[in-house]
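# Structural overview for review
These are the residues of each chain, in order.
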Amino acid sequence: RDWSSDVCSSDLARGIHDALAQIDTLDAVALEGYATRHGSGLKLLCSSIDGPLPRGVEGSEFARLLRLARARQDLVVIAANRWFDPATIEAIAESQKVLIVLGQSLAEVRNAVRLRSLLIESLGLPDGVLRVVINRYSDRLPVQAEMIEKAVGVSSAFRIPPDAPLVRRSIDAGEPLVELDRYAPLTRALIALENELTGSRIESDRKPLRRILATLTRSDG
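Parameters at a glance
- Residues numbered from 1 in each chain as written.
- Predicted model: local features only at pLDDT ≥ 70, side-chain atom pairs only at ≥ 80, totals over all residues.
- Heavy atoms only, no water.
- Pairing = 2+ DSSP bridges.
- Helix = DSSP H or I, 4+ residues; strand = E, 2+ residues; numbered from the N terminus.
- Contact = heavy atoms within 4.5 Å.
- Axes fitted to C-alpha atoms, helices over the stretch in contact; angles between N-to-C directions.
- Buried < 20%, exposed > 50% of the residue type's maximum accessible area, 1.4 Å probe, protein only.
- Right-handed = clockwise from strand over helix to strand, strands pointing away.
- Arc of directions from axis to C-beta.

### Comments concerning the sheet that holds strand 4 (residues 130-134)
Taken together, three strands build an open sheet; the order of strands is 3-4-5 and the sheet is parallel. Single-partner strands in this sheet number two, and they are strand 3 (98-102) and strand 5 (158-159). Packing of helix 6 (residues 106-122) onto the sheet brings it into contact with strand 3 and strand 4, and relative to strand 3 it is tilted by some 165°.

### Some words on the pairing of strand 4
Burial within strand 4 is extensive, with five of its five residues counted as buried. Relative to strand 4, strand 3 runs parallel, the two being bridged by five bridges. Among the inter-strand pairings, Leu102 is bridged to a residue of strand 4, identified as Ile134. A crossover connection joins strand 3 to the parallel strand 4 through helix 6; in handedness this β-α-β unit is right-handed. Across two bridges, the pairing between strand 4 and strand 5 is parallel. If you follow Val133 over to strand 5, its bridge partner there is Phe158. Taking the sense of rotation as the criterion, the β-α-β connection linking strand 4, helix 7 (residues 145-152) and strand 5 turns out right-handed.

### Focus: helix 5 (residues 86-94)
Taken together, the buried positions of helix 5 are Ala87, Thr88, Ala91 and Ile92. The arc that holds the buried residues of helix 5, viewed along the axis, is 135°, so those residues lie on one side. At its buried positions, helix 5 is contacted by helix 4 (59-72), strand 3 and helix 6.

Without other data, these values stay purely geometric and don't point to any function.
As structure tokens, this is what we get:
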């Protein structure tokens, strides 16, 4: 379980389905009452503890929700599945960047090829909006980045290295990776991806002394 699942399972947590039920009377300020704020500043608007929305959502409803969210937030990130329901289609149409995240397996590569084709050919998404991200990338696995890039049809794919112990610490502590170990390769890769997507200039260079200290304080056992 992660922090988001703990929040979404709380009896006090409200989320997307509650906000949509009141969409006719909500404004941008009231919408924030349906989100849970993490100490880092991240605001989470849950769907449900089981993942999908509990009822069918019209695309027009979700578009109104997005407009309210954008009115007071610098950046809105939507975690979607690969099923094209009305809410997902609306989110794709409104997005400036769409990430296809996959692992290094042939099955996931096939799904990514199919998904990219649907996004571009069926939904008319511009090719430049898409970005492919390989999660937990390792040079030791047989399906290499170059093979994935060629199969999916992109010039380059962003690679996120694995670090299971650090991710477990982040989940258990409910703290962002950047606060636990800013200079770990995983954290630096995520910062670089954020810089690319948002045009930010967040510092991610390795600082040798601080990196050593961070390593000494990590508990990977």
